[in-house]
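# Chains, contacts and geometry: an overview
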Amino acid sequence: MNKKKKRMSVLSVSLIASIVLSPMQFVQAAEVENTVFINEIESNDPVTDNDWIEIINTGNSDIDISGWFVTDDKGLERLTDSEEWRIADETVLKAGEILVIEHSDALNNLSLGKDDTASLYDSSNTLLDSYTYVGHAAGTYSRVPDGTGEFVDQESTKGALNIVEKQELPNHKLVINEINSQPDDWVEFINLGTEEMDLSGYEIRDNSDDHRWKFAEGTSLQAGALFVVEANSLGQVYDDQTDAFAEGSFEAAIGIGGGDSIRLYDKDGNLLDEYSWTEHASYQGDAALASFGRYPDGTGSFGLTKETKGLTNEWYNPQIVINEVESNDDETDWVEIYNVGTTTVDLSGWYLYDNDPVGHVADINPVADGTVLNPGEFYVFDGNKDFTFGLGKADQVTIFNKGGVSIAEYSWEVHANGVYARIPDGTGELVEFPTSTKGKANIVTNSVLLNEVQSNDPNDGPDWIELANPTGEVLDISGVIIKDSDDTHQYLIPNGTTIPAYGFLVLTDEIFGFGLGKNDSVRLFENDRLIASATWPEHTNPTWGLYPDVKGTEYRNTREETPGAPNKFEDIPEMIAWPGNGEVVIFDQEPTFLEDSSGLDFFKDQLYAVDNGTGKFWILDVSKNGELSFAKGFKDGKRVRFQKDADDAKAAGPDAEGITVDGNGFVYIASERDNNVKGVNFNMILQVDPLKEDNDLIALQQWDITDSLPVVSANMGIEAVEWVSNANVNGKLYDQNTNTVFDATNYPNAIASGVFFVALEDNGHVYAYVLNKDGSSLLIADIDAKIGGAMALDYDTYENVLWVVADNGYNNRSAKISFNGEQNPEIIHIIPASGVDVSANNEGFAIAEAIFTKDSQRPVYRFKDGEKSGSLSIGSITSDYKESVDDDNVEPITPQKSYDFKNYHTDKLVIHKPSVSITVDIASTINNGVVFTGEYAEFHGAGFVDKTITIKPKKAGAIIDFKGIEVQKVVISGTNVKEIRGSEKVTIEYDDGASAENIIFN
């Protein structure tokens, strides 16, 4: 039976209307010892996305809690800006009752964070109770038992008793618990069930199906008890000659070997449990000191344990160490472990957590049963396979065995410049190392690259060798030896020789002392070990270069020689410097978004941003001076959901990597998987209407494009989506279906009057789609931008180019694609601005519209994944856009925001946007008129003929243009109006200091 607590509830910090306060006697809080406590805390509600806490009166008297309030880790500081959750006056909490207090969007009060404190104060600001937590709960933090117990993480029980539902155990469950094969043979079993069980007919086998022994009739085992089968234990022995069982000892059937198995079957022949090994268990060479056992008993995975026959197992901590950690620069985050011991370790059920085990409880995939790690071998816990969360800049990894016992742990404060690796493997300290050796030994080698070779200069210049530094720090190459194909030709690089970060060093034959010939080689050695080499046929032509530059794995003839600069190849676009200022500033110095920041898009004076972990997106208004502010209703974002999850608000939803907006204002989300099934790639585009008031937006339409794309791992799917108007692609984009330029009339069922481009992270390709009204789609183009991995897309309508942008995996480089009507569009590669951190995981990119040009620069936005703050950065790109001025010296103004009200009915219309165009038709009714407080407004339509417009700007210098329409009355309030245009049919009144003498009329 579900026992309900006596309950009151405050929603949006107000009492539910059904509460009736009777004329009863109650006590003030200060009169007695406190009996009101925090009972449950929700900081990340998956349904409502609204934070709340529950308090309970554990006493026998009713308590007047008028004016009590809740704050977070800021304590009484929240009172300064009235951000506390305040309980209404005349509120009485009866004995045994509870009160639920919630965040209010209307009051814009505090929200609880991931790592935070919930505190309860009385009306005199006295702290009554508090609880501090680290990481969002998987459910809620709840006192068990209610009011008096410790806080535990369990399923939300808002309004019901905080009862921990214990997992129902089976009546009977027998498993192998410990195995000994030397110096004596025995097997220990444990009954994990809740009742005594009959073992009659249960069977043990080794690695041969002819070696079989059954428990004797009448053998039983109590719940939780251990049972040891020793060598001389009597039971039933299988005779393969007669295919029958006869009485005999265990040793007559099975002799447990050094490389063997023990398997357990029930009386019906079903395999229940098994364990295999390759050599006798031993500790420090002594087999008498060790066996193979589960730790903890019955539930843990097998490992090396002390001999504890018939007793609770004691283990030897497996000699497993964290050997290498990649948290930033690879395609996935990963952690490598290494077996430094002499015994094989069973990894079945092992798993990894970062520093938020509660928040990521659903994001792990335990290692498959039967996985073992032999001595001297490596195992890699890989992102998207073993875990689906990212490792952060300052983070921690802990390896657990099947039983939840911590095996190894490592933490760091910043991303490594490369990886954290043990040098030497297994025994050295974890240190920064520039080159990863995933799944391999961490051999320390210099990171220098052999990048380009000239053996036959056409101008009779010297032969030369170009070395490159692929790291972000100065690289010391002292002591590296250069040889050609002749071992007697060698040059020792002098002490103190360095290459700057991401730089090059060119050495000529005048320096290294020998010439390079046909069919020759250049080899680099460190400590007599070959670390790099290149061999070319005939002479280099014009040079022999690493393909692609620095990042490559092979050598080719280059397009032209580029000593001291990036290599150029026929099929690799030219690389240019960033076309704008290098300065980059951070918008969110304090936590503003969530941690899984991803795509961006800019549309009609607004910046759109999406989070891939929650499927939430935000809209920010952008003013002409560059200031950003959340659009109405979007401070906390809106969540996008799959159609299939319409009735399941708890569903995790889409892994929303990209966002774009079509010409009608509909939002489209690019999702690479369902967060409910993170191990499966699922590429889908979802359409939602951002103007719907609901904070949960069910997709209006969906397009599954998975089958039309290459097969990739779960987290290497589509990372971006970008809508481009037909006007920008008609006759310009090459259509692979028609083998000619794109013509929109060939696709009459297409939506949105445009083409949708998506970027695939796996191969860096950009794919163009027509999306149809029936949910089908058609791939019309496949474009390789040749930057490796693509994370973001943005179509610049001013320059008419499609930007493709990589993240830190490819140093945040980008490509500009110009559609030229040819099968191969024009592509240029661009180095990021100097202020961009090339090690940052920037997944979003958007360029502001040309009207935002200021001092010949317009804003460029990047969105970084994995950070609580510092996610949204703003740089700039050069722009030659200029607003035109007419001959009458009246500056034309383009409004930033347009409103078109048709058949619109309201009591009063108030508009605060700084720059707007407002159109009202004759069918609209606005009883108490229109109020405008911004800096520029123009008015259109016949609907103002019977309406009053009040102009009350907040800033001086406002310009108002009535466009010659008829208005019943205009009221100018205050002194901030500078100019009025088109007022021929307007009657104007002035108040609050306004005067026609101080206004320019045009």
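Residues numbered from 1 in each chain as written. Predicted model: local features only at pLDDT ≥ 70, side-chain atom pairs only at ≥ 80, totals over all residues. Heavy atoms only, no water.

## A closer look at the overall build of the protein chain
- Secondary structure assignment for the protein chain yields three helices and 86 strands.
- The C-alpha extent of the protein chain, read off along each of the three principal axes, is 115 × 105 × 55 Å.
- When each of the 1002 residues of the protein chain is scored for burial, the buried share is 52%.
- Considering only intrachain contacts with a sequence separation of at least 6, the fraction spanning at least 24 residues in the protein chain is 53%.
- Carbon and sulfur atoms form 46% of the exposed surface of the protein chain, whose accessible area is close to 44000 Å².
- Looking at the protein chain, you have 73 positive and 169 negative side-chain charges, and the mean spots of the two groups are 7 Å apart. (Helix = DSSP H or I, 4+ residues; strand = E, 2+ residues; numbered from the N terminus. Buried < 20%, exposed > 50% of the residue type's maximum accessible area, 1.4 Å probe, protein only. Contact = heavy atoms within 4.5 Å. Areas by Shrake-Rupley, 256 points an atom, 1.4 Å probe, with all protein chains shown as cover. Lys, Arg positive; Asp, Glu negative; His and termini not counted. Charge placed at Lys NZ, Arg CZ, Asp CG, Glu CD.)

## Details of the pairing of strand β64 (residues 754-760)
- Most of β64 sits out of view: seven of its seven residues are buried.
- Burial of β64 is two-sided: the residues G754, F756, V758 and L760 facing one way and the residues V755, F757 and A759 facing the other way are all buried.
- Pairing between β64 and strand β65 (residues 765-771): four bridges, direction antiparallel. Of the residues in β65, the one forming a bridge with V758 is Y767.
- Linking β64 to β65, which pair antiparallel, is a turn of four residues; within it G764 sits at a positive phi near 75 degrees. (Pairing = 2+ DSSP bridges.)

## Digging into the sheet that holds strand β13 (residues 140-144)
- On the basis of which strands lie adjacent, the open sheet formed by five strands has the order β10-β5-β4-β13-β14 and antiparallel pairing. Edge strands, defined here as strands with exactly one partner in the open sheet, are β10 (98-102) and β14 (150-154). Strand-to-strand twist of the sheet, defined as the mean angle between neighbouring strand axes without regard to direction, takes the value 30 degrees.
- The pairing of strand β4 (residues 36-42) with β13 spans two bridges and is classified as antiparallel. Within the sheet, the bridge partner assigned to I41 lies in β13 and is Y141. (Axes fitted to C-alpha atoms, helices over the stretch in contact; angles between N-to-C directions.)

## Looking at a negative patch on the surface
- On the surface, D210, D239, D240 and D243 cluster together into a negatively charged patch.
- Among the residues examined, D210 registers a relative accessible area of 42% and is labelled partly exposed. (Patch = residues over 30% accessible without salt bridge, like charges linked within 9 Å, V, L, I, M, F, W, Y side chains within 5 Å. Salt bridge = Lys/Arg side-chain N within 4 Å of Asp/Glu carboxyl O.)

## Quick look at unusual backbone geometry
- In this model, V144 is joined to P145 through a cis peptide bond whose omega is 0 degrees.
- The topology assignment puts P145 in the loop between β13 and β14.
- Cis rather than trans, the peptide bond between I423 and P424 has omega equal to -5 degrees.
- Tracing the sequence through the fold places P424 in the loop between β36 (419-422) and β37 (430-433).
- Phi at N903 is positive, roughly 50 degrees, even though this residue is not glycine.
- Within the secondary structure, N903 is located in the loop between β74 (897-901) and β75 (905-906).

## Brief notes about the pattern of salt bridges
- Applying the stated rule across the entire model yields 39 salt bridges.
- In this structure, E314 engages K306 in a salt bridge whose closest nitrogen and oxygen atoms are separated by 3.7 Å.
- With its nearest N and O atoms 3.2 Å apart, the salt bridge here joins D961 to K963.
- On the accessibility criterion, K963 (42% relative accessible area) is partly exposed.
- When salt bridges that share partners are traced, they join E203, R205, D209, R212 and R263 into one network.

## Examining the UniProt feature "domain: LTD" (unreviewed entry) in the protein chain
- Per the UniProt entry, the sites bearing "domain: LTD" (unreviewed entry) are residues 22-135, 157-279, 308-424 and 429-538 in this numbering.
- Structurally, residues 429-538 is divided into 4% helix and 39% strand, and its ends, taken at the C-alpha atoms, are 46 Å apart. (UniProt positions renumbered as here; feature names shortened; annotations may be inferred.)

## A closer look at the side chain of E188
- Looking at the element boundaries, E188 is found in strand β16 (residues 186-191).
- The side chain of E188 sits in the buried core without any salt bridge; K309 is the nearest counter-charge, 9.0 Å away.
- Within the structure, E188 has its side chain in polar contact with the backbone nitrogen of G310 (distance 2.7 Å).
- Setting aside its immediate chain neighbours within four residues, E188 contacts V175, I176, N177, E178, L226, F227, V228, T308, K309, G310, L311 and N313. (Polar contact = N/O pair within 3.5 Å; in protein donor to acceptor, adjacent residues only side chain to side chain.)

## So, the environment of G993
- Tracing the sequence through the fold places G993 in the loop between β85 (986-991) and β86 (1000-1001).
- A residue is classified by how much of its surface remains accessible, and G993, at 52% relative accessible area, is exposed.
- Taking the C-alpha atoms as reference points, G993 and N976, separated by 17 residues in sequence, lie 9.6 Å from one another.

## Description of the packing of aromatic side chains
- As enumerated under the stated definition, the model contains 44 aromatic pairs in all.
- For the pair Y238 and F245, a centre-to-centre distance of 5.3 Å together with 55 degrees between the ring planes defines the contact as tilted.
- A centroid spacing of 6.2 Å and a plane angle of 40 degrees characterise the contact between W412 and Y420, whose relative ring orientation is tilted. A single burial state applies to W412 and to Y420, both of which are buried. (Phe/Tyr/Trp six-rings, centres within 6.5 Å; stacked < 30°, edge-to-face > 60°.)

## Observations regarding the domain arrangement of the protein chain
- Domain parsing of the protein chain yields domain 1 (36-154), domain 2 (174-315), domain 3 (320-433), domain 4 (449-572), domain 5 (585-878) and domain 6 (897-1001).
- Between the C-alpha centres of domain 1 and domain 3 the distance comes to 37 Å.
- Every contact between the two is made by seven residues of domain 1 and, on the other side, four residues of domain 3.
- Summing the contributions of domain 1 and of domain 3, the shared interface buries around 340 Å²; its carbon and sulfur component is 58%.
- Summed over the three residues of domain 1 that lose the most area to domain 3, namely K114, H136 and A138, the buried surface amounts to 64% of that side.
- Where domain 1 touches domain 3, the interface holds one salt bridge.
- The shortest N-O distance in the salt bridge between K114 and D356 comes to 3.2 Å.
- Applying the counting criterion to the domain 1 and domain 3 interface returns one residue pair in polar contact (both at pLDDT 80 or more).
- Split by residue class, the side of domain 1 that touches domain 3 holds three nonpolar, two polar and two charged. (Domains from an automatic or database assignment. Buried area = accessible area lost by both parts, 1.4 Å probe. Nonpolar A, V, L, I, M, F, W, Y, C, P; charged D, E, K, R; others polar.)

## What about the sheet that holds strand β56 (residues 654-661)?
- Strand order in the open sheet formed by four strands is β56-β57-β58-β60, and the pairing between neighbours is antiparallel. Where the open sheet ends on each side, the last strands, each with one partner, are β56 and β60 (701-704). Across the sheet, the mean angle from the axis of one strand to that of its neighbour is 25 degrees, orientation sign disregarded.
- Inspection of the sheet shows β56 paired to strand β57 (residues 667-674) by six bridges, in the antiparallel sense. Of the residues in β57, the one forming a bridge with P654 is D674.

## Notes on the nonpolar core
- Formed by 31 residues in total, the largest nonpolar core has its most connected members in I322, V335, I337, W350 and F381.
- Mapped onto this core, the elements with two or more residues apiece are β28 (320-326), β29 (334-339), β31 (351-353), β33 (378-382), β34 (395-400) and β35 (406-412).
- Once residues within four sequence positions are removed from consideration, V335 is found in contact with I322, E324, V325, L352, Y379, V380, F381, L391, V397 and I399. (Core = buried A, V, L, I, M, F, W, Y, C linked by side-chain atoms within 4.5 Å.)

## Overview of the side chain of N323
- Note on placement: N323 falls in strand β28.
- Apart from the residues within four sequence positions on either side, N323 is in contact with E336, I337, Y338, F378, Y420, A421, R422, D425, G426, L430 and N442.

## Some thoughts on the environment of V335
- Relative to the elements of secondary structure, V335 occurs in strand β29.
- Separated by 142 residues in sequence, V335 and G193 have C-alpha atoms that sit 36 Å apart.

## Side note on the pairing of β65
- Within β65, seven of the seven residues are buried, which leaves it mostly tucked inside the rest of the structure.
- Neither face of β65 is open: one carries H765, Y767, Y769 and L771, the other V766, A768 and V770, and all of them are buried.
- With seven bridges joining them, β65 and strand β66 (residues 777-784) adopt antiparallel strand pairing. Each residue of the ladder has a partner; that of H765, found in β66, is D784.

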